[in-house]
Amino acid sequence: MNFDRPRGLRQSMSWLHTYSGLTLGWLVFAIFVTGTLSFFRNEITFWMQPERHKANSDIVTFERALGVLESEAPNARQWTMTLPGPRNPTLGISWQNPQQNAQQNIRQTAIPNNNERRVPSDTDTVGRGNESNAGNAERRSPRRQGEGVEMSASAEGRPTRQGVADAERRGSRGNAERRTMQTDEGDEEELLSPRQSQNTLEQAQSRPQEQPQQQHGGARGVRLTLDPATGEKLGGRETAGGNFLYRFHFELYGMDRIWGRWIIGIATMLMFIAIVSGVIVHRNIFKDFFTFRPAKGKRSWLDAHNGCSVLSLPFHIMITFSGLLLFGNMMIPTAMQSAFKGDMDAYRQNVRNRMANFEYKPPAGERATMIEIAPLVAAAERTWKNRKAGSVIITNPNDKHAVIEVRQSSIGGSLVAGRSAAQSLYFDGVSGQSLTGADAAKPTTVQAISNVLILLHRGFFASPIPRWLLFLGGVGGSLMVATGLIMWRVARQKDQEKQQRSSGAGFRVVEGLNVTGIAGLMVAIGAYFWANRLIPADVVGRNDWEIRAFFIVWAITLIHAFTRQHKMAWVEQLAVAGILIGLLPLLNALTGGLALSASIGKGQWVVAGFDITALLMGVGLLYTTYRVYKYAPKTIASILTAGKASEKKTHEQGMPLPDTFTSDPRSSSFAQRSEESA
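Residues numbered from 1 in each chain as written. Predicted model: local features only at pLDDT ≥ 70, side-chain atom pairs only at ≥ 80, totals over all residues. Heavy atoms only, no water.

Engineer: Quick question: what am I supposed to make of the overall build of the chain here?
Structural biologist: Helix and strand content of the chain: 28 helices and seven strands. Counting the 678 residues in the chain, one finds 52% classified as buried. Here the contacts in the chain between residues at least 6 apart in sequence split such that 77% fall between residues at least 24 apart. Accessible surface, the chain: about 31500 Å² in total, of which carbon and sulfur atoms supply 59%. (Helix = DSSP H or I, 4+ residues; strand = E, 2+ residues; numbered from the N terminus. Buried < 20%, exposed > 50% of the residue type's maximum accessible area, 1.4 Å probe, protein only. Contact = heavy atoms within 4.5 Å. Areas by Shrake-Rupley, 256 points an atom, 1.4 Å probe, with all protein chains shown as cover.)

Engineer: What's the story with the pattern of salt bridges in this structure? I'm lost.
Structural biologist: Any two side chains of opposite charge can pair, given that their charged atoms come close. Scanning all chains against the criterion turns up 12 salt bridges. Across the salt bridge formed by glutamate 511 and arginine 508, the nearest N and O atoms sit 3.2 Å from each other. Residue glutamate 511 and its partner arginine 508 are located together in helix H21 (residues 505–534), separated by three residues, close to a single helical turn. Exposure remark for arginine 508: the relative accessible area of 25% places this residue in the partly exposed category. (Salt bridge = Lys/Arg side-chain N within 4 Å of Asp/Glu carboxyl O.)

Engineer: Quick question: what am I supposed to make of the pairing of strand E6 (residues 424–428) here?
Structural biologist: Where a strand is regular, its side chains alternate between the two sheet faces. Judged by how many residues are buried, E6 sits mostly within the fold: four of five residues are covered. Examined bridge by bridge, strand E5 (residues 403–408) and E6 share five bridges and lie antiparallel to one another. Across the sheet, arginine 407 pairs through a bridge with serine 424, a residue of E6. Pairing of E6 with strand E7 (residues 434–435) involves two bridges; the strand directions are antiparallel. Residue phenylalanine 427 lies in a different strand from E7, and its bridge partner there is serine 434. (Pairing = 2+ DSSP bridges.)

Engineer: Is there a simple way to think about the confidence of the model for the chain in this case?
Structural biologist: Do not read the predicted coordinates in detail wherever pLDDT is low. Model confidence for the chain is summarised by a mean pLDDT of 75, while 67% of its residues fall at 70 or above. The model gives residues 102–219 a pLDDT under 50, and that stretch makes 284 contacts with residues more than four places away or in other chains. (pLDDT = per-residue confidence, 0-100.)

Engineer: It is not clear to me how helix H2 (residues 25–38) should be interpreted in this structure. Could you clarify?
Structural biologist: Helical geometry: 3.6 residues make up each α-helical turn, so side chains three or four residues apart lie on a common side. Taking 1.5 Å per residue, 14 residues should reach 20 Å; H2 reaches 20 Å between its end C-alpha atoms and fits that length. The buried fraction of H2 amounts to 14 of the 14 residues, a majority that puts the element mostly inside the structure. (Expected span 1.5 Å × (residues − 1).)

Engineer: Is there a simple way to explain the sheet that holds E6 in this structure?
Structural biologist: Two strands in a sheet stick together by hydrogen bonds in their backbones, pointing the same way (parallel) or opposite ways (antiparallel). Taken together, seven strands build an open sheet; the order of strands is E3-E2-E1-E4-E5-E6-E7 and the sheet is antiparallel. Strands with a single pairing partner mark the edges of an open sheet, and in this sheet they are strand E3 (222–226) and E7. Pairing between strand E1 (residues 78–82) and strand E4 (residues 389–395): five bridges, direction antiparallel. When the bridges of E4 are listed, threonine 82 appears paired with serine 391. Along the sheet, helix H18 (residues 374–384) makes contact with E4, E5 and E6, crossing E5 at roughly 40°. (Axes fitted to C-alpha atoms, helices over the stretch in contact; angles between N-to-C directions.)

Engineer: Quick question: what am I supposed to make of the nonpolar core here?
Structural biologist: The nonpolar side chains of soluble globular proteins are, as a tendency, buried together. Counting 77 residues, the largest nonpolar core has Phe244, Val481, Leu521, Tyr528, Phe529, Phe550 and Leu584 as its most contacted members. Among the elements that make up this core, the one with the highest residue count is H21 (12 residues). Two domains each donate at least three residues to this core, and these are domain 1 (45–251) and domain 3 (501–630). Core analysis: the second largest hydrophobic core is formed by 28 residues, Phe62, Ile93, Leu226 and Ala380 among them. (Core = buried A, V, L, I, M, F, W, Y, C linked by side-chain atoms within 4.5 Å. Domains from an automatic or database assignment.)

Engineer: I would appreciate a short explanation of unusual backbone geometry in the present structure.
Structural biologist: One can expect most non-glycine residues to show negative phi and most peptide bonds to be in trans. Positive phi, normally seen in glycine, also occurs at asparagine 396, with a value near 55°. Along the chain, asparagine 396 turns up in the loop between E4 and E5. Asparagine 396 gets classed as buried once you look at its relative accessible area, which sits at 4%. One non-glycine residue, asparagine 398, adopts positive backbone phi at about 60°. Here asparagine 398 is to be found in the loop between E4 and E5. Judged by its relative accessible area of 10%, asparagine 398 is buried.

Engineer: Can you help me understand a nonpolar patch on the surface in this one?
Structural biologist: Together, Ile579, Leu583, Leu586, Leu590 and Leu622 line one region of the surface with nonpolar side chains, adding up to about 470 Å² of accessible area. Topologically, leucine 583 is positioned in the loop between helix H23 (566–582) and helix H24 (584–590). (Patch = residues over 30% accessible without salt bridge, like charges linked within 9 Å, V, L, I, M, F, W, Y side chains within 5 Å.)

Engineer: Looking at this structure, how should I read the side chain of threonine 483?
Structural biologist: With respect to the secondary-structure elements, threonine 483 resides in helix H20 (residues 464–498). For threonine 483, a relative accessible area of 8% translates into the label buried. Among the polar contacts listed, one links the side chain of threonine 483 to the backbone oxygen of methionine 480, at a separation of 3.0 Å. (Polar contact = N/O pair within 3.5 Å; in protein donor to acceptor, adjacent residues only side chain to side chain.)

Engineer: Could you clarify how one ought to interpret the environment of proline 375 in this entry?
Structural biologist: The residue proline 375 is located in helix H18 in this model. Given a relative accessible area of 43%, proline 375 falls into the partly exposed group. For proline 375 and glycine 432, which are 57 residues apart along the polypeptide, the C-alpha to C-alpha distance reads 9.2 Å.

Engineer: I keep staring at the packing of aromatic side chains and nothing clicks. Help me out?
Structural biologist: Counted by the stated rule, this structure contains 21 aromatic pairs. Geometrically, the ring pair formed by phenylalanine 244 and tyrosine 528 is tilted, given 5.3 Å between the ring centres and 45° between the ring planes. Remark: tyrosine 528 occurs in helix H21 and phenylalanine 244 occurs in helix H10 (residues 241–251); sequence separation between them is 284 residues. Across this residue pair, the class does not change: phenylalanine 244 and tyrosine 528 are buried. With centroids separated by 5.0 Å and ring planes inclined at 90°, the aromatic side chains of phenylalanine 550 and phenylalanine 551 adopt a geometry described as edge-to-face. (Phe/Tyr/Trp six-rings, centres within 6.5 Å; stacked < 30°, edge-to-face > 60°.)

Engineer: Got a minute to help me understand the packing of H10 against helix H11 (residues 257–281) in this structure?
Structural biologist: It is the contact of H10 with H11, at a shortest axis distance of 7 Å, that shows an interaxial angle of 70°. One way to sum up the angle between H10 and H11 is to call them roughly perpendicular. Where H10 abuts H11, its residues Arg247, His249, Phe250 and Glu251 lie against Arg257, Gly260, Arg261 and Ile264. Partitioned by chemical class, the residues of the contact of H10 with H11 number two nonpolar, two polar and four charged. (Parallel < 35°, antiparallel > 145°, perpendicular 65-115°, else oblique. Nonpolar A, V, L, I, M, F, W, Y, C, P; charged D, E, K, R; others polar.)

What follows is the structure, encoded as structure tokens:
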């Protein structure tokens, strides 16, 4: 756009829309694609562990799960069971031993190393059938004094007697709040600016160093996966699963996570600018939505871009604005710092900790037989009517003061109240008598608005139908970005042909990045799933090799895009992506997973849904490959030849030439007609 003369609002917005979308458009496309897949990250992780596909969730045998807990963790102070749900049919159990509690308390004094780019494997993730209810319950449930609180430590990393005494005086609530900030999923992590991160790191460096984490442990203790019906332990290969795609979506990979989030935040801001300016540019936005002219070159791409944009416009505005909201404290920390005087603990308590408190009695030291759990879960679900139980937390197991907490699933919860509003019912673990707990605090207006936007962005509340609608909205956003990038290239090529100029280096760079950023990304995602099945299950660090396969293949597509002719690069990469993704159901059946026919027959819709979606995506990519291969773009020369042929035919028939068309390329009417016909 030239600024040598005054421009109108729409012309200025058109320039802003074009270049705000192009600047980081390829990154925005990757964000949209991986974010869209993240709506089903639990399902993706489950599919990538075929050893667990045989789980039967028709019935839950709590007695057998308790038997495993009693044999594995007889001295644990708390047991947690994550019940099977529509997103994961397995039964998860977890516990914390006293030694692990002490190590965790020491770790609370230091922040994680931001340079460490290890993506959590499934053994580190409690994201199961009902959106990590077990993890949430374990993180948020108040502990007895001395547990879940910050302790001082000796030089060897062991908690000192004075540290335990100080912790008992402070009580358990303080660090239970801090624990909510340390989830593997990243959904409750505080986003610090680089300066804040550095200050926190300097404070942590002056504290005792933590001991190495125990194997299969982690911040939330030891975890196992069981078949709900039989209580059989289900193994699972180490995999980055859907968590890699989720974390790549908002913090990239291979760099300091703070800077990765800054890059994503800037890209999100440009995306929001592109959406707003696009609405201003399209004066006939709704009329254009019902218009599609196939095989018309630039005009067809414009129609496709308009259709994808308008169809999911509310979703696009919501997802980008809520994404900016999630980065708000990192990008604009002034409001939070001024309101809380830089006290991060006070801020976290105000925003995050709205769970109801329950006063647990200390263990009596007298062994007692616990009541059956199944009737308590059934009673809780009858009380909640339309809500299912998501987790069961047993405090002081096999003790006279045992308490059983039954917590709601997060699916179907209130958007206004947020994730922390999941209700819990407490029962005496021995007699089964109902116990009374404090009511959860109601969110303020600001907190309610924040809860609605954040839960819509992450989809935690969503049952299957709303989740699929969010997924389709993400697909529409991905197509919107992709068609916009392609349309820029098509428009510039037409301009160069009209002006009889050769393509410059910048134009060629955009061409190559379009192929790599769109088709190449799909190839890399397909390779990621294939690597999950082809890498031997017993390879150490295999989740890292899955991620390496993703980036190695993506880098190969970049080289391929710049060394092949543009159209053939599109055809070849789209074809490879279609084959890799379309054959995933067959790969699943051949590598130990549940075949598509078997998964449908057994009602295992987590596996069947993945396979059907992959099959449809593969067919769609192969059909796109065919259309790209058959497409022959109309050039100025071909249009000129066609115009001369039309003139000759008209002259031979003795008919006068229409005044509205001439084959002279210098004519304005010719330029207008050529653009329409192209």
